[in-house]
Structures are given as structure tokens and as C-alpha cells.
Amino acid sequence: MRQKGGLVTMPFIIANEAFEKVASYGLVPNMILYLIQDYRMGLTQGQNLIFFWSAATNFSPLVGALVSDSYLGRYLTIAIASIFSFLGMSILWLTAMIPQARPGPCDPQTQACKSTSTSQYLVLLCSFILLSIGAGGIRPCSMAFGADQIDNKENPMNQKMLERFFGWYYASAAVALLLAYSGIVYIQEHFGWKLGFGVPTVLMSLSAFLFFLASSLYIKQKVKTNLLSSFMQVTALSYKNRKLQLPSVDSNMWYSLTDSECHRPTDKLRFMNKACIIKNPEQIGPNNIALNPSNICTVDQVEALKALIRVLPLWSTSIMMSINISQVSFGLLQAQTMDRHLIGDFKIPAGSFIMFGIGTIFIWIVLYDRIIIPLASKVRGKPVHLGTKERMGIGLICSFMSMIVSAIVEHIRRTKAIEQGFKDNPDGLVNMSAYWLVFQHVLGGLAQAFTAVAQTEFCYSEFPKSMASIASAMFGLGTAFANLLASAILSTVNNITSKGGKESWTSTNVNKGHYERYYCLLAIMSAVNLLYFIVCSWAYGPCVEQKKGFGLENIEVSGSLEEELLQVSRPREKDDEGDPIKELSEARSALPDYSNLHNRVAHETENGGEFSKSIVSKA
């Protein structure tokens, strides 16, 4: 029988989420038009509904991650979620297929329009809820499930392989979004909602089919612990044992299982260490098993909760970036009033301009992995690696710049519209190319390419393996909070700026509103968030990749030293006669060489002696 897992499983796992993304994300750009035209909602009402739907879609992955890591496992969670996504897409398609599911057209003589009934509204909400549940199961587990197939802690290049996997995983997701924002949006705009929702429904059925097709090939990790109850237990015991004195770090009073990843707790959040103190040796039975597990936690349990709590401040810095990226509807209304011709009579749909940002993600990941990093390494004379925190910071700067550019472009567009007499006509075509909007989308794409990939890699590295699905869900959770905050910001701005009968900054009439002021407000908030990130990054201290070093490829060594490293790492041939005395003598004579090699490596590595000791000990 062939070994399970490996690269052969990647096409099925990636295709599952890719088709889900093409199907679900393809609904977003034009959804505001569907709600305004077919369900008669205003811009603020429709946009808020989209914000709430997006928030539910991005919040549900945390629930899915907890269910996966605590109860069902990643495989079963993805399988069930794929079915939910298909059902949600099918119901949304039926709202377009069945006239009774929508309010219906207005009376051409009286111009009277029926309002959306409660049952029609509930059917629409039902489709959104099912889609959110499906996304909640697929998105946090798919990446972690893929990492399970290739993750090998014994491989010294494991960190590099995971970074490359995460990068290419996001690249494939970017291609899926490109198809969604170009192909699906084009079908909706030119062939109507029936076909525009029908194609995503077919894609969702393919998503589920391909995932189930490779079922026998997957590595299916078993659930070892209930994370939610584990976190609650650590919290309760930390409080219960609050009066206990903490033993020294080197003490044998810390409880850990034989196969634990950690046998001593860290000094961070030290008050939580009291949950894993062995108060009485009689608590521990044979085989190092606690006689009453509810009265003591393992060091692993404590460190898992610590890792989650410590990551939260840095994780929260990406929320502002997600708020900026979520302003899709404003860009759609802007693009509709501008010249979108590309070649001849062909013009890009207004809802497809977001694909420039998604395309930037794909292009940048390819350039970064295949050209920029190898070229920089060649120039420096040793491998170059941008840390996760550095990449997150660069992404936040790009997000800030995207709002500045958005404000400038909108100011120019609005000025031209008023000069051409379109102030009261939001449908008037302004004499300005819509491709000026590309710059803000490119900057937004760079922000995601840096921050989203880096934050996911950061969480995956900082969390224990049992929390891999939660690590994958963290960025989506931030996006969920961003959607809720974006809705609150939008409603607040609309209410404040429309007082006294004034035209709101976020008016449905794009020429009467002041979208540029709204963008400036987001830019100011982004600048404050950037300062907040700097403080959080400093307070967090070194992350795992900085403590352990990035890998053997980070060692800058001379040619002769590199040869020695290879020599000591190479297995020695066994003596034909198997003389144990001779072997012991040879081993003892080799000790000075190892000691000398250790000193030389310690001197020449930028990570210092601790890293070099691990290399020599493995050799």
C-alpha cells in the first residue's frame, strides 16, 4: 500500500477550496446590485446586509476550527461543510429561478413597487446562512488539512516547505478569486442572475465531488483533545491555584505527558503556570497519567492557551486592513460612472475591478518566491528571509497607502463629474478612465499578499499542532470583526453626516456624496493602527522562527566548514567486523572534532550557540 498524504493530495484539497471560493466570492461584487434591483434595498441597508453576511462567513471559521480540532477532525468537517455550501448556493440560485421568491417588477403605469415579504427575506437569509456555515467548515480546515499532508517536524527544511505551501496556497486562492471576480461577475452582468447563480452552484458540486474522490489518499489526524474544554480547565485551575507558590522552571513539579511537546512552562503569562503544578505526587499514577485529570492540566494545555492569548494583540492589527479591503461596493459605484473600455467595444464589468487586487496577490507571491528572494539571496551571498512580523508591517503600510490613493482618485472623479453637470445624475459617464482605480486595488492586493500570508504562517508557527485549524481561521476571524466594525463605521458616518438634511458622505448618489472624505477617515484610522502594530510587535518579542532560527539555509559558512557540517551529518559506514571496542575508540577520538566544530559554527552563525548546538547534536 502506498504511503498516505504527500503532494498527490494537494490538487484535491486545493481544488475543493478553490471551487468554493470561485462560487461564493463570485457572488459578492454584484450582490449589492441584486439586493437594490431585485429586493429594493437602499445602499446602506443592502451594504449592511452584505457586511453582516461577510461577518458571519468570516466568523464561522472559528466555530468550524473549534469543532474540527475538538470533535470531528478536519476531514469530516470539510466533508459536511461542502454539503452545506452546495445547499446554500442552490437556494440562492432558486431565488433567481423562481419569480415568487422575489418582490417582482414594479407597475409601469403607477410606478408602485411591492416590498420584500418576510418569507422572501427569510429564503434569502437562509441561503446566506448555509453558505456561511459551509465556508466556516472549509476555510479554516482546508489549509491545515493540506499542511497535515506535508508537515514533517523531522525535516530540517520543514519551515521553508510550510512557508512555500502557505504562499502557493494563497496564490491558488488568488487565481480562484480572479476567476470569481472576472468570469462569474461577467456572466451575471451579461447573462443575468439565473445563469450567474447557476454556474457557482455547479462549481460547488464539483468542489464536494473532488474532495470526496481522494478520500482514501488523505492523512486524517485524529482529535486528541477538546480545545474548548481544555481552555476552560486551564482558566479555572489557574484561578483555583492562584495562592500556590510557583516552583522553579527546572523543577520536576510540572505535569506533562511522556509524548508532550513541552515539559516546562514558559515565563510568559506566568500566573497560568499554576494550572499545571503537581501539588501532590500521589496525583500522578502509573505511566505518568493523572488519577484525576480534572484537577491538573498538562504543560501543553497551558502553553496552548498562552499562545492564543499572546497572539491576539498582533492578530488584531490586521482588522483595520480588512476594513479597508471590505469597501467593495463603493468601488463598484465609482467604476460604473467611469469609462471602462479596454479594447474596442469590450469593457470590464464594474464588479470585476477587484480582480486587479487579487491578481496582484498571485503575481507578488510568484515574484517573491521565485525571483525576489533568490535574487536577494544571491546578492547578499546567503539566503534572505523576511520575518512574519516584518511582512505584516509592510502589508499594513500598503493598506494605509491604498486609502490615500482611493481618496485622491475619488476627489478627481467627483470634481470631473460635477464639472460635466452630473451632480444629480449618478448614472452619467464621467470623462475619466476607470483604470485609475487599479492603483488602489493593487495596493490593497499587496496588503493582503504580505499580511494575510504572514499572519497565517505566524499563527501556524506559534500555535501547537493541535490548534492548526484555529491558526488557519484567525485571519478570517479578523475579517469577521472587520465586517462588523465596517458596518458600524458606515452607519455612524451616514447618520452623522446626513444630519440637518445634508447629503450623506456615503450617499447612493456617488456624485452628491463625499466618498473621498470617507476614504480619508479610513486612512487616518489606518495610520493609528500602524503605530499600534509597532507597539504590539515590540511587546510580543521574538517569535518562534527568530528563537529557533529559520533553518540550516540561514547559516553563513565558509566552504571548508560547510564540508565539515556535511561530513558529520553523513552516516558513518559500519565496521565489517562490528568491533564495539574499536567503534567506541573511534567515537571518543571524534569528540574533539565535534567540540571544535561546535565552536566554529557558534562563531559563524548569526543565531548564536543555541542554534549551533542543535545542529551538532543532530549530526
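Up top is the structure.
Notes on the structure follow.

Scoring rules and cut-offs
Residues numbered from 1 in each chain as written. Predicted model: local features only at pLDDT ≥ 70, side-chain atom pairs only at ≥ 80, totals over all residues. Heavy atoms only, no water. 1 Å grid on protein atoms, 1.4 Å probe; cavity = no way out; pocket = protein on both sides within 12 Å on 5 of 7 lines; lining within 4 Å. Points joined across faces, edges and corners; volume = space filled by probe spheres on them. Helix = DSSP H or I, 4+ residues; strand = E, 2+ residues; numbered from the N terminus. Core = buried A, V, L, I, M, F, W, Y, C linked by side-chain atoms within 4.5 Å. Buried < 20%, exposed > 50% of the residue type's maximum accessible area, 1.4 Å probe, protein only. Axes fitted to C-alpha atoms, helices over the stretch in contact; angles between N-to-C directions. Parallel < 35°, antiparallel > 145°, perpendicular 65-115°, else oblique. Left-handed = near helix turned anticlockwise from the far one by under 90°. Nonpolar A, V, L, I, M, F, W, Y, C, P; charged D, E, K, R; others polar. Expected span 1.5 Å × (residues − 1). Contact = heavy atoms within 4.5 Å. Salt bridge = Lys/Arg side-chain N within 4 Å of Asp/Glu carboxyl O.

1. A short note on the layout of surface pockets
There is about 280 Å³ of room inside the second largest pocket. Forming the walls of the second largest pocket are I32, L33, I36, Q37, L43, L333, Q336, T337, P426, D427, T508 and V510. Where the lining of the second largest pocket is concerned, the elements lending two or more residues are α2 (28-38) and α10 (328-336). The leading source of residues in the lining of the second largest pocket is α2, at four residues.

2. Overview of the nonpolar core
In terms of nonpolar packing, the biggest core is built from 142 residues, with M31 and F463 touching the most fellow members. The element best represented in this core is helix α6 (residues 158-213), accounting for 16 residues. Core analysis: the next-biggest nonpolar cluster, separate from the first, contains five residues, Y255, I284, A290 and I296 among them.

3. Overview of unusual backbone geometry
One non-glycine residue, R40, adopts positive backbone phi at about 55°. Here R40 lies in the loop between α2 and α3 (43-72). The phi angle at L269 is positive, at roughly 50°, despite the residue not being glycine. What makes L269 partly exposed here is its relative accessible area of 28%.

4. Concerning the packing of helix α4 (residues 74-97) against helix α5 (residues 118-150)
The N-to-C vectors of α4 and α5 enclose an angle of 150°; their axes lie 7 Å apart at closest approach. Classified by the angle their axes make, α4 and α5 are roughly antiparallel. Note on packing geometry: the crossing formed by α4 with α5 is left-handed. Looking at the contact of α4 with α5 residue by residue, the classes come out as 20 nonpolar, nine polar and two charged.

5. Describing helix α15 (residues 515-540)
Compared with the 38 Å implied by 1.5 Å per residue over 26 residues, the 37 Å span of α15 between its first and last C-alpha is a close match. Positive backbone phi, at 80°, marks G541, one or two positions downstream of α15.

6. Some words on the side chain of T479
Its location among the elements puts T479 in helix α14 (residues 468-497). In this structure, T479 is in contact with N58 and S322, ignoring residues within four places of it in sequence.

7. Examining the pattern of salt bridges
Per the stated rule, a full pass over the model turns up seven salt bridges. With a closest N to O distance of 3.0 Å, E457 and R391 form a salt bridge. Linking E457 in helix α13 (residues 438-462) with R391 in helix α12 (residues 388-419), this pair joins segments that are 66 residues apart in sequence. We classify E457 as buried; its relative accessible area is 1%. Judged by relative accessible area, R391 falls into the buried class, the value being 4%. We note a salt bridge from E410 to R413, for which the minimum N-O separation is 2.8 Å. With E410 and R413 both in helix α12, this residue pair falls three residues apart, about one helical turn. The burial state of E410 is the same as that of R413; both residues are buried.

8. Notes on the environment of Q336
Along the chain, Q336 falls in helix α10. A residue is classified by how much of its surface remains accessible, and Q336, at 33% relative accessible area, is partly exposed. Q336 sits 98 residues away from A434 along the chain, and the two C-alpha atoms are 8.4 Å apart. Residues contacting Q336, with those up to four places away along its chain left out, are L33 and A350.

9. Notes on empty space enclosed by the protein
Under the criterion given, the structure shown has six cavities of 30 Å³ or more. By volume, the second largest cavity amounts to about 150 Å³. Forming the boundary of the second largest cavity are twelve residues, of which G167, I365, Y368, R391 and V453 lie nearest the centre. Breaking the lining of the second largest cavity down by element, the ones donating at least two residues are α6, α11 (355-380) and α13. Taken together, the residues that form the lining of the second largest cavity break down as seven nonpolar, one polar and four charged.

10. Let's talk about helix α9 (residues 318-325)
The element α9 is extensively covered by neighbouring structure, given that seven of its eight residues are classed as buried. Along α9, the positions that sit buried rather than exposed are S318, I319, M320, M321, S322, I323 and N324. Taken together, the buried residues of α9 touch α8 (299-316), α12, α13, α14 and α15.

11. Describing the environment of L490
Position of L490 among the secondary structure elements: in helix α14. Classification of L490 by relative accessible area gives buried; the value is 2%. Separated by 446 residues in the primary sequence, L490 and T44 have C-alpha atoms spaced 7.9 Å apart. Sequence-distant contacts of L490, defined by excluding residues within four places in its chain, comprise Q47, N48, F51, F330, T506 and Y518.

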